[in-house]
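Summary of structural features
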Amino acid sequence: MQSLAVLVAVILFLMDGLRACLPYVTRDAWDAHPPKLVEKFTGPIPYVIIHHSYQPAACYDEKECQKAMQIMQRMHQQDRGWNDIGYSFAVGGDGRIYQGRGFNVIGAHAPRYNDKSVGICLIGDWRFDLPSKKMINAVHSLIEYGVYNNIIASNYTLIGHRQTRPTDCPGDRLYKEIQDWPHYSPLQDVVDPNSIPT
Ligand SMILES: [Zn+2]
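The structure presented is a predicted model; accordingly, all values stated were derived computationally and were not measured. (Residues numbered from 1 in each chain as written. Predicted model: local features only at pLDDT ≥ 70, side-chain atom pairs only at ≥ 80, totals over all residues. Heavy atoms only, no water.)

A separate point is the overall build of the chain. The helix and strand tally for the chain stands at 4 helices and 6 strands. Starting at the N terminus and walking to the C terminus, you meet the elements of the chain as α-β-β-α-β-β-β-α-β-α. When the 198 residues of the chain are sorted by exposure, 46% land in the buried category. Contacts spanning at least 24 positions in sequence make up 73% of the contacts within the chain whose residues lie at least 6 apart. If you sum the accessible surface of the chain, you get close to 10300 Å²; carbon and sulfur atoms cover 53% of it. (Helix = DSSP H or I, 4+ residues; strand = E, 2+ residues; numbered from the N terminus. Buried < 20%, exposed > 50% of the residue type's maximum accessible area, 1.4 Å probe, protein only. Contact = heavy atoms within 4.5 Å. Areas by Shrake-Rupley, 256 points an atom, 1.4 Å probe, with all protein chains shown as cover.)

Ordered by their spatial adjacency, 6 strands build an open sheet running 1-4-3-5-2-6, and the pairing between neighbours is mixed. What marks the edges here is a single partner per strand, and that holds for strand 1 (24-25) and strand 6 (152-160). The sheet contact formed by strand 2 (residues 45-52) and strand 6 spans 5 bridges and is parallel. Counterpart to Tyr 47 in the pairing with strand 6 is Thr 157. Contacting strand 3 (89-91), strand 4 (97-99) and strand 5 (117-122), helix 2 (residues 62-79) crosses the sheet at an angle of about 35 degrees to strand 4. Here helix 3 (residues 133-148) sits on the sheet and contacts strand 2, strand 3, strand 4, strand 5 and strand 6; the angle it forms with strand 6, its principal contact strand, is near 145 degrees. (Pairing = 2+ DSSP bridges. Axes fitted to C-alpha atoms, helices over the stretch in contact; angles between N-to-C directions.)

So, on to unusual backbone geometry. The omega angle of the peptide bond from Gln 55 to Pro 56 is 0 degrees, so this bond is cis rather than trans. Tracing the backbone shows Pro 56 in the loop between strand 2 and helix 2. For the peptide bond that leads from Cys 169 to Pro 170, omega is 10 degrees, which places it in the cis range. The phi angle at Asn 104 is positive, at roughly 60 degrees, despite the residue not being glycine. Examined against the element boundaries, Asn 104 turns out to sit in the loop between strand 4 and strand 5. For His 183, which is not glycine, the phi dihedral falls at a positive 70 degrees.

Listed as protein donors to the zinc ion are His 51 (ND1), His 161 (ND1) and Cys 169 (SG); their distances from the metal cover 2.1 to 2.2 Å. When the donor residues of the zinc ion are listed from N- to C-terminus, their spacing reads H-x109-H-x7-C. Taken as a pair, His 51 in strand 2 and Cys 169 in the loop between strand 6 and helix 4 (172-178) lie far apart in primary sequence, 118 residues in all. Owing to a relative accessible area of 1%, His 51 belongs among the buried residues under this scheme. Relative accessible area serves as the criterion here: at 7%, Cys 169 is assigned to the buried category. (Donors = N, O, S within 2.8 Å, 3.2 Å for Na, K, Ca; no water.)

A few words now on the nonpolar core. General note: in soluble globular proteins, nonpolar side chains tend to be found buried as a group. In terms of nonpolar packing, the biggest core is built from 28 residues, with Ile 50, Ile 120 and Leu 158 touching the most fellow members. Of all the secondary structure elements, the ones that give two or more residues to this core are strand 2, strand 3, strand 5, helix 3, strand 6 and helix 4. If one sorts the elements of this core by residue count, helix 3 sits on top with 6 residues. Core analysis: the next-biggest nonpolar cluster, separate from the first, contains 14 residues, Val 25, Ile 85, Ala 90 and Ile 123 among them. (Core = buried A, V, L, I, M, F, W, Y, C linked by side-chain atoms within 4.5 Å.)

Spatial relationships are all this shows, so hold off on functional conclusions.
As structure tokens, then:
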């Protein structure tokens, strides 16, 4: 019984370490503009949706990735008139997790799923190339962090953007890759984009 208690303590300690080690970049750190509006939804979140940015291209250091975040926010917030960058989070080639809208904030990345998903964008064009191991590990760490903290449902469903609407996203190569990830579902929920209000 005592050894079980020790084992639990060790596991909790390691999980705390995981949380502390999450390579996380706040909005302030990438110099985000404030959102025009923040609309929340309650969790735990049932879906994780994977994207690629296509453009901007992959970034490889902190400075380039901060710039990529700023470009995406400008595209979404100014050019498209959305409240903020569309994604919940983005992962850079530097292996860091950049906060977009964050958890439990309604996103603008997958119609009909924006109020029940975490949208994670792997910055770059992943039609032919695979993101680095570092990037993929960062995505898994973020999902594990969400599940551990009961922010993401433990029985969550993971899908690619193209499973919700006609799009190449997250790119053929990355889409093939995520089919081997835990909780991937072959769910197909694509509808005519003309019938989607936003
Ligand atoms: Zn997408």
